[in-house]
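Each chain, letter by letter, is given below.
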Amino acid sequence: MKPGDLVKLHPEEAVLMAPYEKERVGLVMGVDGRTTPDTLHILWAGSEEPEPEYCDGVVLVSEA
């Protein structure tokens, strides 16, 4: 994944979340390759600041 991609939480990560949170989309703002797996900085819909998520905890919605 790269900056500009749209993502949502992986279904296994969102099991206990409310339905509206499961489908929330985020914009990848940056990628930190110093961690394993890579950490993505995601600006989630409705948020004001990017949040870190491991890349294996999200799935690609579309590419920029």
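Residues numbered from 1 in each chain as written. Predicted model: local features only at pLDDT ≥ 70, side-chain atom pairs only at ≥ 80, totals over all residues. Heavy atoms only, no water.

(A) Just the nonpolar core, in detail. The biggest cluster of nonpolar side chains holds 8 residues, and these are Val 7, Leu 9, Ala 14, Val 28, Leu 40, Ile 42, Trp 44 and Val 58. The set of elements that each furnish at least two residues to this core consists of strand E1 (6-9) and strand E3 (39-44). Among the elements that make up this core, the one with the highest residue count is E3 (3 residues). Every residue in contact with Leu 40, bar those within four places of it in the chain, is listed here: Met 1, Val 28, Gly 30, Val 31, Glu 51, Pro 52, Glu 53, Cys 55 and Val 58. (Core = buried A, V, L, I, M, F, W, Y, C linked by side-chain atoms within 4.5 Å. Buried < 20%, exposed > 50% of the residue type's maximum accessible area, 1.4 Å probe, protein only. Helix = DSSP H or I, 4+ residues; strand = E, 2+ residues; numbered from the N terminus. Contact = heavy atoms within 4.5 Å.)

(B) Representation of the pattern of salt bridges within the structure. Under the defined criterion, the tally for this structure stands at 3 salt bridges. The partner of Asp 32 in a salt bridge is Arg 34, with the nearest N and O atoms 3.0 Å apart. When its relative accessible area of 16% is taken as the criterion, Asp 32 is described as buried. Judged by its relative accessible area of 76%, Arg 34 is exposed. (Salt bridge = Lys/Arg side-chain N within 4 Å of Asp/Glu carboxyl O.)

(C) Focus on the pairing of E3. Bridge analysis of strand E2 (residues 25-32) against E3 gives 6 bridges, and the strand direction is antiparallel. Within E3, the residue paired with Gly 30 across the bridge is His 41. Following E2, the chain reverses through 6 residues before pairing antiparallel with E3. Between E3 and strand E4 (residues 51-54), which pair antiparallel in sequence order, lie 6 residues; one of them, Gly 46, sits at a positive phi of approximately 90°. (Pairing = 2+ DSSP bridges.)

None of the figures reported here should be taken as evidence of function without further support.
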